[in-house]
Structure formats: C-alpha cells, structure tokens
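Architecture and fold: a report
Listed below, chain by chain, are the residues.
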Amino acid sequence: IDGASASGLVQALREWVGAADRVLAVTPEHNGTMPPVLGNAIDWLSRPYGAGAIVGKPFAVVGATPTPFGGKWAHEAARRSAGIAGAVVVADIAVSQSTIDADVIGDPVVFGKLSAALRALADHETAVAAA
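What comes next is a walk through the structure. (Residues numbered from 1 in each chain as written. Predicted model: local features only at pLDDT ≥ 70, side-chain atom pairs only at ≥ 80, totals over all residues. Heavy atoms only, no water.)

Details of the nonpolar core
A general feature of soluble globular proteins is that nonpolar side chains tend to end up buried together. Met34, Leu38, Ile42, Ile54, Phe59, Ala78 and Ala82 are the most contacted members of the largest nonpolar core, which has 17 residues in total. Breaking this core down by element, the ones donating at least two residues are strand S1 (23-26), helix H2 (36-45), strand S2 (58-65) and helix H3 (72-84). With four residues, the top contributor of residues to this core is H3. (Core = buried A, V, L, I, M, F, W, Y, C linked by side-chain atoms within 4.5 Å. Buried < 20%, exposed > 50% of the residue type's maximum accessible area, 1.4 Å probe, protein only. Helix = DSSP H or I, 4+ residues; strand = E, 2+ residues; numbered from the N terminus.)

Right, here's the structure in full:
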C-alpha cells in the first residue's frame, strides 16, 4: 500500500474504532506473538498520543490456533500493546482455543468460551459507562 492509500485506510480505522463502544481483536498467533498488522493497527489507533481512537475503550482479544497454547502469547502481546496505547484492557478475557478444526458456533465448549468473553466485554463497557 502506498503512503496515500495507507493514510486513508489508517484514518478510516481511527474513525471506526473512535465510533465504537468497545474493541474486540480476533487474531491468530504468528511465531509466538501477534501478527505485525495487529501491532501496526494498535500503533495507528494510539495516535495522536493521549488522544488516540483506542484511548479509554474497553479491549479484549480472542482467537484459535493449532498450537498447544491456543494463541496465548499473541493475546498477551495484543493486550499489553493495547493497554500501553490507552485502551482499558478487560481482565481475564482471552479465549485461546487450541484447535484448527473446531466449529466455533457448533462446539458447545468453544461457543461457551466465546459467549462468556463477549458478555464480559459488554458488561465491562456498561460498568465503565455507569462509573
């Protein structure tokens, strides 16, 4: 993507996240961390410093991977980066499912984890707004 295109896409991302009530990152794990594109997105959302689109937004991360750790390291990296960027990282929401073949909607265990994560994120947002 050339500089002019990236600038427009970055601005659109900032506007979408700025208008959102909360942020849910869905990510795979690449070599023990989050994919670089997610790191770049969090960086873009953190600008301008102290007033970025992600500042003050409840943030959680979910994903599935064929590795035994289920994406744990990617989720930790994403939560750490988002927190530094000013997001309100919702504690204990990281659905790390070790699978490549799971039907997320049809598997009751996986669906239950995802539903619980989404409910916790929604409830946290409500608690923040009420405070």
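Overview of the pattern of salt bridges
Counted under the stated rule, the structure contains two salt bridges. Note that lysine 72 and glutamate 76 form a salt bridge whose closest N and O atoms lie 3.9 Å from each other. Residue lysine 72 and its partner glutamate 76 are both found in helix H3; the two are separated by four residues, about one turn of the helix. Among the residues examined, lysine 72 registers a relative accessible area of 42% and is labelled partly exposed. Residue classification places glutamate 76 among the partly exposed positions, given a relative accessible area of 32%. (Salt bridge = Lys/Arg side-chain N within 4 Å of Asp/Glu carboxyl O.)

Concerning H2
Buried residues of H2: Leu38, Gly39, Ala41, Ile42 and Leu45, and no others. Within H2, the buried residues cover an arc of 160 degrees as seen down the axis, which keeps them to one side. Along H2, the residues that are exposed and aim more than 90 degrees away from the buried face are Pro36 and Val37. (Arc of directions from axis to C-beta.)

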